[in-house]
Amino acid sequence: MDIILLNECDKDVKNLFVRFVPKDYLGLMEDDSSILLGAIDTDEDGSEPIGIAIVIIDDGDFIIKWMWIDPELRLQGAGEKLLESCFDIALMNEINTIYAHVPVLETNDIKESDMTEFFYNNSFNYVETKEIDEIDYYVLSADTDIYKNMENDMLNDEVNKNRIDKAYKKFPKNFVQSDVEYYSGVKIED
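As the structure is a prediction and not an experimental result, all values here were calculated from the model. (Residues numbered from 1 in each chain as written. Predicted model: local features only at pLDDT ≥ 70, side-chain atom pairs only at ≥ 80, totals over all residues. Heavy atoms only, no water.)

**Focus: the confidence of the model for the protein**
Point 1. In the predicted model, the protein carries a mean pLDDT of 75, and the fraction of residues at 70 or more is 72%.
Point 2. Between residues 181-187, whose pLDDT stays under 50, and residues either more than four places distant or in other chains, the model counts 16 contacts. (pLDDT = per-residue confidence, 0-100. Contact = heavy atoms within 4.5 Å.)

**Considerations on the pairing of strand β3 (residues 46-58)**
Point 1. As paired elements, strand β2 (residues 34-43) and β3 share 10 bridges and run antiparallel to each other. Of the residues in β3, the one forming a bridge with Gly38 is Ile52.
Point 2. Hairpin remark: β2 followed by β3, antiparallel, with 2 residues in the connecting loop.
Point 3. Relative to strand β4 (residues 61-69), β3 runs antiparallel, the two being bridged by 8 bridges. By the bridge assignment for β4, Ile54 is matched with Trp66.
Point 4. The turn linking β3 back onto β4 is made up of 2 residues, and Asp59 within it adopts a positive phi angle of 50°. (Pairing = 2+ DSSP bridges. Helix = DSSP H or I, 4+ residues; strand = E, 2+ residues; numbered from the N terminus.)

**What about the pairing of strand β7 (residues 135-143)?**
Along a regular strand, successive side chains alternate from one face of the sheet to the other.
Point 1. As defined by bridge partners, strand β5 (residues 97-103) adjoins β7 across 7 bridges and the pair is classed as antiparallel. Residue pairing for β7: Tyr99 is matched across the bridge by Ser141.
Point 2. Sheet topology places strand β6 (residues 125-132) next to β7; 7 bridges connect them, and they run antiparallel. Bridged to Thr129 within β7 is Tyr138.

**Considering a negative patch on the surface**
Point 1. On the surface, Glu131, Asp133, Glu134 and Asp136 cluster together to form a negatively charged patch.
Point 2. Looking at the secondary structure, you find Asp133 in the loop between β6 and β7. (Patch = residues over 30% accessible without salt bridge, like charges linked within 9 Å, V, L, I, M, F, W, Y side chains within 5 Å. Areas by Shrake-Rupley, 256 points an atom, 1.4 Å probe, with all protein chains shown as cover. Salt bridge = Lys/Arg side-chain N within 4 Å of Asp/Glu carboxyl O. Lys, Arg positive; Asp, Glu negative; His and termini not counted. Charge placed at Lys NZ, Arg CZ, Asp CG, Glu CD.)

**Considerations on the pattern of salt bridges**
Side chains carrying opposite charge are able to pair once their charged atoms draw close together.
Point 1. For the coordinates displayed, the defined rule picks out 2 salt bridges.
Point 2. Note that Arg19 is salt-bridged to Glu48, the shortest N-O span being 3.0 Å. Taken together, the residues span a long stretch of sequence, with Arg19 in the loop between α1 (11-15) and α2 (26-30) and Glu48 in strand β3 at a distance of 29 residues.
Point 3. Take Glu48: its relative accessible area is 41%, and that puts it in the partly exposed class. (Buried < 20%, exposed > 50% of the residue type's maximum accessible area, 1.4 Å probe, protein only.)

**Looking at the environment of Asp2**
Point 1. Within the secondary structure layout, Asp2 lies in strand β1 (residues 2-5).
Point 2. Judged by its relative accessible area of 37%, Asp2 falls in the partly exposed class.
Point 3. For the pair Asp2 and Ala78, spaced 76 residues apart in sequence, the C-alpha separation works out to 8.1 Å.
Point 4. Setting aside its immediate chain neighbours within four residues, Asp2 contacts Gly38, Ala39, Ile40 and Thr42.

**Re the environment of Val104**
Point 1. With respect to the secondary-structure elements, Val104 resides in the loop between β5 and α4 (114-120).
Point 2. Separated by 34 residues in sequence, Val104 and Tyr138 have C-alpha atoms that sit 6.4 Å apart.
Point 3. Those residues in contact with Val104 that sit more than four places away from it in its chain are Thr129, Asp136, Tyr137 and Tyr138.

**A word on the sheet that holds β1**
Within a beta sheet, neighbouring strands are joined by backbone hydrogen bonds and run either parallel or antiparallel to one another.
Point 1. Spatially, 7 strands are ordered β1-β2-β3-β4-β5-β7-β6 in an open sheet, and the strand pairing comes out mixed. The open sheet has two edge strands with one neighbour each: β1 and β6. Between one strand axis and the next, the sheet turns through 30° on average, direction left out of account.
Point 2. The sheet contacts of helix α3 (residues 78-92) involve β1, β2, β3, β4, β5 and β7, and relative to β4 the element is tilted by about 165°. (Axes fitted to C-alpha atoms, helices over the stretch in contact; angles between N-to-C directions.)

**Here's the deal with the side chain of Asp70**
Point 1. The residue Asp70 is located in the loop between β4 and α3 in this model.
Point 2. Despite its burial, Asp70 pairs with no opposite charge, the nearest such side chain being Arg19 at 4.7 Å.
Point 3. In this structure, Asp70 is in contact with Phe20 and Ile50, ignoring residues within four places of it in sequence.

**Here's the deal with α3**
For an α-helix the count is 3.6 residues per turn, leaving residues at separations of three or four pointing the same way.
Point 1. If you check α3, its first and last C-alpha atoms are 21 Å apart, about what 15 residues at 1.5 Å a residue would give, namely 21 Å.
Point 2. Along α3, the residues that are buried comprise Ala78, Gly79, Leu82, Leu83, Ser85, Cys86, Phe87, Ile89 and Ala90.
Point 3. Of the residues trailing α3, Glu94 is marked for its positive phi of about 55°. (Expected span 1.5 Å × (residues − 1).)

This is the structure:
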């Protein structure tokens, strides 16, 4: 699975992603100030578009205006990869906060929205409900420092795991219980 910058692609390639964009957002695909990210599934048979993110930077605010992954291909990491690319672009532009405008669709309860759940699961928080151009949105935000720290936390976890594995190899008799996490030879309690 790869993420491509659609802004640099010709119109024929962009048109492959139009099916993921509601008609109210199609104008953003033609707007030169929009950042268009496409998720593609690549395998030995070729490449298939599976999702899109449309981002704008407006007065220093980084806003995800639309993000969509083909429902049949969700839960395979494409949404997270699109979001990771958004964080990378925000960091390159020295922007500290990312906003997501999630349309209030069939439900008025934010807890029932699959789209908001995705953002919540990726460290976003509710800011407000806002009307823009006669459409109600849930405005969510995430700090780019969270993203940087997530990478550091994952790296620290890997370093600690490697240390534990090395310690086990040197002193196997100190590790008597299998499938239990240890740190410095002491069992970590839940």
